[in-house]
Amino acid sequence: VGCESGPRARPGREEWVRSIVEQCKAAGVRRFVKQLSGPGGRVVTDPDAFPSDLAACRETPWGAP
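This section reports on the structure supplied with the text. Quantities reported herein were computed from a predicted structural model and do not represent experimental measurements.

## With respect to the overall build of the protein
- Helix and strand counts for the protein stand at two helices and two strands.
- Rg of the C-alpha trace for the protein: 12 Å, near the compact-globule value of 11 Å for 65 residues, within the 12% margin.
- Long-range contacts, defined here as pairs at least 24 residues apart, represent 55% of the contacts in the protein between residues at least 6 apart.

In structure tokens, the structure reads:
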């Protein structure tokens, strides 16, 4: 899950990512948050800069960190 990147990227909202994460959790689907929209339209890819609840969503399909 993540926002768009690139020169014509549209802004993404944190609440949209949270909604997808919660839907995946309810369905038993592993969750991985790749990137978020940051200040000034920047893309944030460092999970240490994510809100803690989204930083914890780093599950890979095969279960390895």
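## Concerning helix H1 (residues 14-27)
- Under the 1.5 Å per step criterion, the end-to-end length of H1 is 20 Å for 14 residues, consistent within 8% with the ideal 20 Å.
- The inward-facing, buried residues of H1 abut strand S1 (36-37) and helix H2 (52-55).
- Of the residues one or two after H1, Gly 28 is the one with positive phi, at around 75 degrees.

Scoring rules and cut-offs
Residues numbered from 1 in each chain as written. Predicted model: local features only at pLDDT ≥ 70, side-chain atom pairs only at ≥ 80, totals over all residues. Heavy atoms only, no water. Helix = DSSP H or I, 4+ residues; strand = E, 2+ residues; numbered from the N terminus. Rg over C-alpha atoms; globule rule 2.2 N^0.38 Å. Contact = heavy atoms within 4.5 Å. Expected span 1.5 Å × (residues − 1).

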